Amino acid sequence: MPTVHLLDYVAGNVRSLVNAINKVGYDVEWIKSPEDLKNAEKLILPGVGHFGHCISQLSEGGYLGPIRQHIESGKPFMGICVGLQALFQGSEEDSDVPGLGVIPMRMQKFSDITKSVPHIGWNSAINTGSDISKPQSFYGLSPNSKYYYVHTYAALYTAGALEKDGWSVATATYGDEEFIGAIARGNIFATQFHPEKSGQAGLRTIRAFLDGDQTQTLPVEAAPGKTATGLTRRIIACLDVRTNDAGDLVVTKGDQYDVREKSGVDAGGQVRNLGKPVDMAKKYYEQGADEVTFLNITSFRNCPVADTPMLEILRRTSETVFVPLTIGGGIKDTVDTDGTQISALDVATMYFKSGADKVSIGSDAVIAAEEYYAAGSKLSGKTAIETISKAYGNQAVVVSVDPKRVYVQSPEDTKHHTIKTKFPNSAGQSYCWYQCTIKGGRETRDIDVRQLARAVEAMGCGELLLNCIDKDGSNSGFDLELINDVKAAIKIPVIASSGAGKPEHFAEVFNQTTTDAALGAGMFHRGEYTVSEVKDYLGEKGFLVRKFEAEI
């Protein structure tokens, strides 16, 4: 296969980018030293995380000069996410670190007054210079496609400012802010979105860049005025993975966290086996899932960390699933089977290198929040959330919380934040607070969900996966009161989880809360509904959703 050179400076999940490049017919050769750049024809610079950290890494490695020379020589260059941001003069994220200065603008932080930040999800990339009667695309971008973005800082768009200098610009809108989603001029092409995580639409842009297919004329029906713009409603498929009684890794699902069968010959004994993780992840991707989450509910205590079966699941899944992958379970400081101390950051790095885009932290986040408040709301800098978000960016860290309702007669009966619920308990108590739990819901802690949410946001968590023990396995819909209560307390995105049983529940949660995404599990695993059926229903109700595109 023809070759493209890839520069990896600990940029998070590059395995998926390699798989995407292979998928469109190219091989990857790694840049291992600045001297290697002299032999590179086509160069891709990926990036995730902190602008200053990434630029500093490139500078310390001696790469900035050779990258400039590559660009100035006219050889093809593609930047992805922070790889795009590196082309600009600088960023508010670290004002002391200059960028390459190829584009005379600076990155700015999104306003979080009316929307969640980071900007996470599927959005547009529409050519600003396109004529409605003869719409033009650069590098395969389509106004009818959606692309996966995950970032806090952006190049806010000013009409004509860059186009007058020969740049082609494609933009997206988040809230009331329009920003650059992709940009190109001459040999340069860069995307704020992650094409390797944008399904077939993303693969199309990678292939166009590698093939040198810069300009395309689109059908008239694909004109920007004919399509809905903005962030779509995200539908996430979640797979609880554990070993069954035969020692095989399976996808399972419980009722209020109990995953064992309630009937049959071995009633109360066998772990529910709903399928194989890799096969099911691919199925949901092909149904149009916007993300796939694996929650590892087996500890693998007797397994060396580097040989954890979840690493192989990620490696295999990332070969065929080109949407974001999240892995939860075991992301903590640990001791390997040979006695070696391994940090949470090292564990996360193994998962990122195996194909994960985000890691999810559960019980350890609750303990960290307790310690945060015990220290007078001061950060230690040592928690898993802090160390991972510092290295890979807050968008790479999800906190999964498992709260349960505790009813009280009045707010004065508890020190915790309460809500007045529309659903009193059998004793007639109409106030409740949401108590955090650990160890899969088996142990309660003296901290409420709003306290937890605010603490982990301060530590650098980029997204909150909000489960609900009371709703788990009920198929009765999401806990809307819980979701609204948490959303009112924090600025980061929230994923609604637990209770979905039919498409109407997804419409309900998007109608009655400001949640940023919604997650389904059992209803998909049991084949009661498909992801595409949920999205079709949402589309019929007027919600903007991403449609799965056929294989290129």
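As shown above, the structure is provided for reference.
Residues numbered from 1 in each chain as written. Predicted model: local features only at pLDDT ≥ 70, side-chain atom pairs only at ≥ 80, totals over all residues. Heavy atoms only, no water.

**Here's the deal with the overall build of the protein chain**
Worth spelling out the cut-off: Only DSSP runs of H or I reaching four residues or more are called helices, and only runs of E reaching two or more are called strands; each is numbered from the N terminus. Type-normalised accessible area, obtained with a 1.4 Å probe on protein chains alone, sets the label of each residue: buried when under 20%, exposed when over 50%, and partly exposed for intermediate values. Any two residues having at least one pair of non-hydrogen atoms within 4.5 Å are treated as being in contact. What sets the accessible areas is the Shrake-Rupley method with a 1.4 Å probe; for residues, cover comes only from the shown protein chains.
Tallying secondary structure elements over the protein chain gives 15 helices and 29 strands in all. Every one of the 552 residues in the protein chain was classed for burial, and the buried ones make up 58%. Long-range pairs, those at least 24 residues apart, make up 71% of the contacts in the protein chain with a sequence separation of at least 6. Carbon and sulfur atoms make up 46% of the accessible area of the protein chain, which totals about 21,500 Å².

**Considering the pairing of strand S7 (residues 119-123)**
Put simply, the rule is: When DSSP finds two or more bridges between two strands, those strands count as paired.
For S7, a buried count of five out of five residues is recorded, marking the element as mostly surrounded by other parts of the structure. Examined bridge by bridge, S7 and strand S10 (residues 147-151) share five bridges and lie antiparallel to one another. Following the sheet pairing, Gly121 is matched in S10 by Tyr149.

**A closer look at the sheet that holds strand S3 (residues 43-45)**
The criterion, for reference: All axes are obtained by fitting lines to C-alpha atoms, using only the stretch in contact for helices, and the reported angles, taken between N-to-C directions, cover 0 to 180 degrees.
Across the sheet, eight strands lie side by side as S2-S1-S3-S4-S14-S13-S12-S8; this open sheet has mixed pairing. In this open sheet, the two strands that pair with only one neighbour each are strand S2 (27-31) and strand S8 (126-127). The sheet contact formed by strand S1 (residues 3-7) and S3 spans two bridges and is parallel. Across the sheet, the residue bridging to Leu6 is Ile44, located in S3. Contacting S1, S3, strand S4 (77-80) and strand S14 (188-191), helix H3 (residues 64-72) crosses the sheet at an angle of about 125 degrees to S4.

**Digging into the pattern of salt bridges**
Once their charged atoms are close, side chains differing in charge can pair, the charge on each being opposite to the other. Heads up, the rule is: Salt bridge criterion: a side-chain nitrogen from Lys or Arg within 4 Å of a carboxyl oxygen from Asp or Glu.
Within this structure, the stated rule accounts for 22 salt bridges. Between Glu286 and Lys282 there is a salt bridge, and its shortest N-O distance comes to 4.0 Å. With Glu286 and Lys282 both in helix H6 (residues 277-287) and four residues apart, the pair spans about one turn of that helix. A relative accessible area of 36% means that Lys282 is categorised as partly exposed. Across the salt bridge formed by Lys415 and Asp446, the nearest N and O atoms sit 2.8 Å from each other. Pair noted here: Lys415 is in the loop between strand S23 (397-408) and strand S24 (419-420) and Asp446 is in strand S26 (residues 443-448), with a separation of 31 residues, a long-range link. For Lys415, a relative accessible area of 66% puts it in the exposed group.

**Some thoughts on the nonpolar core**
Where we set the bar: Only buried residues count toward a nonpolar core. Its members are Ala, Val, Leu, Ile, Met, Phe, Trp, Tyr and Cys residues joined through side-chain atoms within 4.5 Å.
In this structure, Ile44, Phe294, Tyr351, Ile388, Leu464 and Phe506 are the most contacted members of the largest nonpolar core, which totals 129 residues. Not counting the four nearest positions on each side in its chain, Phe294 is found in contact with Leu239, Val241, Pro277, Ala281, Met310, Ile313, Leu314, Thr317, Thr326, Ile327 and Gly328. The next biggest cluster of nonpolar side chains, apart from the first, holds 33 residues, and it includes Leu58, Val97, Tyr157 and Trp167.

**What about helix H8 (residues 344-354)?**
Every buried residue belonging to H8 is among Ala344, Val347, Ala348, Thr349, Tyr351, Phe352 and Ser354, and all of these are buried. Phi for Gly355, located one or two positions after H8, is positive at around 130 degrees.

**With respect to the pairing of strand S6 (residues 103-109)**
Regular strands place side chains that alternate from one sheet face to the opposite one. Inspection of the sheet shows strand S5 (residues 88-91) paired to S6 by three bridges, in the parallel sense. Residue Ser91 lies in a different strand from S6, and its bridge partner there is Met107.

**So, the packing of helix H1 (residues 15-23) against helix H5 (residues 199-211)**
Relative placement of two packed helices is described by the angle separating their axes and the distance separating the axes. Applicable threshold: What sets the label is the angle itself: under 35 degrees gives roughly parallel, over 145 gives roughly antiparallel, 65 to 115 gives roughly perpendicular, and the rest give oblique. For any pair of crossing helices, the crossing counts as left-handed if the nearer helix is rotated counterclockwise from the farther one by less than a right angle, and right-handed if it is rotated clockwise.
Between H1 and H5, the shortest axis-to-axis distance is 9 Å and the interhelical angle comes to 65 degrees. With respect to their mutual orientation, H1 and H5 come out roughly perpendicular. Viewed along their axes, H1 and H5 form a crossing whose handedness is right-handed. Between H1, through Leu17, Ala20, Ile21 and Lys23, and H5, the contact on the second element is made entirely by Leu203, Ile206, Arg207 and Leu210.

**A word on the layout of surface pockets**
The following threshold applies: A 1.4 Å probe that fits but cannot get out identifies a cavity on a 1 Å grid over protein atoms alone, an open set with protein on both sides within 12 Å along at least five of seven lines counts as a pocket, and a residue lines either if it has an atom within 4 Å of a point. Grid points are joined across faces, edges and corners, and a volume is the space filled by probe spheres set on the points. When residues are grouped by polarity, Ala, Val, Leu, Ile, Met, Phe, Trp, Tyr, Cys and Pro land in nonpolar, Asp, Glu, Lys and Arg in charged, and all others, Gly among them, in polar.
Size it by volume and the second largest pocket reaches roughly 460 Å³. Of the residues that constitute the lining of the second largest pocket, the class distribution is five nonpolar, seven polar and six charged.

**Description of helix H7 (residues 309-317)**
The line we're drawing: Our arc is simply the arc of the directions from the helix axis toward the C-beta atoms.
Every buried residue belonging to H7 is among Met310, Leu311, Ile313, Leu314 and Thr317, and all of these are buried. Along H7, the residues classed as buried sweep out an arc of 160 degrees about the axis, all on the same side.

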